[in-house]
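Residues per chain are reported as follows:
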Amino acid sequence: VKSAWYSPTALKKHLEEKAEKLDIDVNDEYGGQLCKIKMYREYQYHLMKMNSMDFDDILINFRNILQMKDVIEKITSEYKYFFVDEFQDTNIIQCDIIKMLSSANNNLCVIWDDYQSIYSFRNAKLANILGFHNNFHEVKTFNLWMNYRSTNNIVKGAAGLISYNQKQLHKDLNSSKEDGSKIELVEQFNDYAEAQYIASTIKNRFNKNYKQNLILVRNTSLTQPLETVFLRDGIPYKIIGWTSFFERVEIKDVKSILEFAVNPYSELAFYRMVDLFVDGVWRKTAEKIINHYASLSMSYDNMFRNPEHLLEEKVISKSVLEKIKKVSDKIVELPNCINGVNILSDIKKII
């Protein structure tokens, strides 16, 4: 909702006006949506309390900053050329930002494929492509219609399927490869039946030549039925995948320490700091500490600066106090490790 540029207040007003126009009770007809708006408002409150922004906030606030004349002039005087990849994935706010940044010098290059516009559930707007020539002037278009990756049967099959779209920019796609195997569409009763079909196909059609087979899945969580059937049928397999660098536990730890050093209002970073450094302080105790400091509008690094206060207020026990005091000096020193000049040096100091 936020990426569609709606605030909780604007959404509520929209529903109230709609209900008034239809002469219906807004609570009866739109009760579920009003509940979501309440959650949205609460979510925004917690972000503000933690001195944090999510991705949509970054976009909205960046666009608001660009409305300041001195800011947009400084940026467009320094950056004269703008390049946007995957333009079909842009939402209303992103497109507006692109217009603002490129308007001064009119030097903009975008790459898109409307056939790959699949993120409407994240408010990506196909209209950004279809109306591009209206929003940007003196446009030169270069069509890339040759596919060098897939066989001709795959290219023609995909193009034939998407030709039914009512809104699209028509293109005649071709492949540099041969026709290749025909596409087979197989529908199974459930995921285990699908896994059994794949196993049987590998055994029968390819004469157990396992190395010639590759199974693509949307994410690794979908491999479980395949693994179960392959183990049962004696088919050797290897899962090829990865964990995103920033999803690795070690990287999350360092990121949380860095975040806590510069933003001690972050609940998420505080939870991880406690989990990392304070033995015996479990989630329930951490929640009590968070609620206490939140009620006082104080940052969570106060736990390490003055842990005795928590004991006096009966938030923690004496044993927990001793555990906090063991690490408090190092945690309090964290902000002093960061000078903001060389981020690599800062990270090394933190570690």
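These numbers were taken from a predicted model, which means no experiment stands behind them.

Parameters at a glance
Residues numbered from 1 in each chain as written. Predicted model: local features only at pLDDT ≥ 70, side-chain atom pairs only at ≥ 80, totals over all residues. Heavy atoms only, no water. Core = buried A, V, L, I, M, F, W, Y, C linked by side-chain atoms within 4.5 Å. Buried < 20%, exposed > 50% of the residue type's maximum accessible area, 1.4 Å probe, protein only. Helix = DSSP H or I, 4+ residues; strand = E, 2+ residues; numbered from the N terminus. Contact = heavy atoms within 4.5 Å. Phe/Tyr/Trp six-rings, centres within 6.5 Å; stacked < 30°, edge-to-face > 60°. Polar contact = N/O pair within 3.5 Å; in protein donor to acceptor, adjacent residues only side chain to side chain. Axes fitted to C-alpha atoms, helices over the stretch in contact; angles between N-to-C directions. Parallel < 35°, antiparallel > 145°, perpendicular 65-115°, else oblique. Nonpolar A, V, L, I, M, F, W, Y, C, P; charged D, E, K, R; others polar.

## Some thoughts on the nonpolar core
With 28 residues, the main nonpolar core has Phe260, Phe270, Val278, Ile289, Met303, Phe304 and Ile316 as its most contacted residues. Of all elements in the fold, only α11 (249-262), α12 (267-277), α13 (283-295), α14 (302-305) and α16 (318-333) reach the threshold of two or more residues within this core. Sequence-distant contacts of Phe304, defined by excluding residues within four places in its chain, comprise Phe260, Phe270, Val278, Ile324, Val327, Ser328, Ile331 and Val332. With ten residues, the next largest nonpolar core counts Leu66, Ile72, Ile97 and Met100 among its residues.

## Considering the packing of aromatic side chains
By the definition in use, this model includes nine aromatic pairs. Look at Phe87 and Phe132: their rings are 5.5 Å apart centre to centre, the planes differ by 85°, and that puts the pair in the edge-to-face class. Within this pair, whereas Phe87 is found in the loop between β1 (82-84) and α5 (92-102), its partner Phe132 is found in helix α7 (residues 132-135), the two being separated by 45 residues in sequence. A residue is classified by how much of its surface remains accessible, and Phe87, at 0% relative accessible area, is buried. Taking the relative accessible area as the measure of exposure, Phe132 reaches 6% and is therefore buried. Taken together, a centroid distance of 4.6 Å and an interplanar angle of 25° make the contact between Phe132 and Phe136 stacked.

## Brief notes about the side chain of Lys171
Its location among the elements puts Lys171 in the loop between α8 (152-162) and β4 (174-175). At 2.6 Å, the side chain of Lys171 forms a polar contact with the side chain of Asp114. Setting aside residues up to four positions removed in sequence, Lys171 forms contacts with Asp113, Asp114, Tyr115 and Trp145.

## Considerations on the packing of helix α3 (residues 55-66) against helix α4 (residues 69-78)
Close contact between α3 and α4 brings their axes to 6 Å; oriented N to C, the two are set at 95°. Classified by the interaxial angle, the pair formed by α3 and α4 is roughly perpendicular. Residues Phe62, Ile65 and Leu66 of α3 touch α4, and the partners they reach there are Val71, Ile72 and Ile75. Among the residues forming the contact of α3 with α4, the class breakdown is six nonpolar, no polar and no charged.

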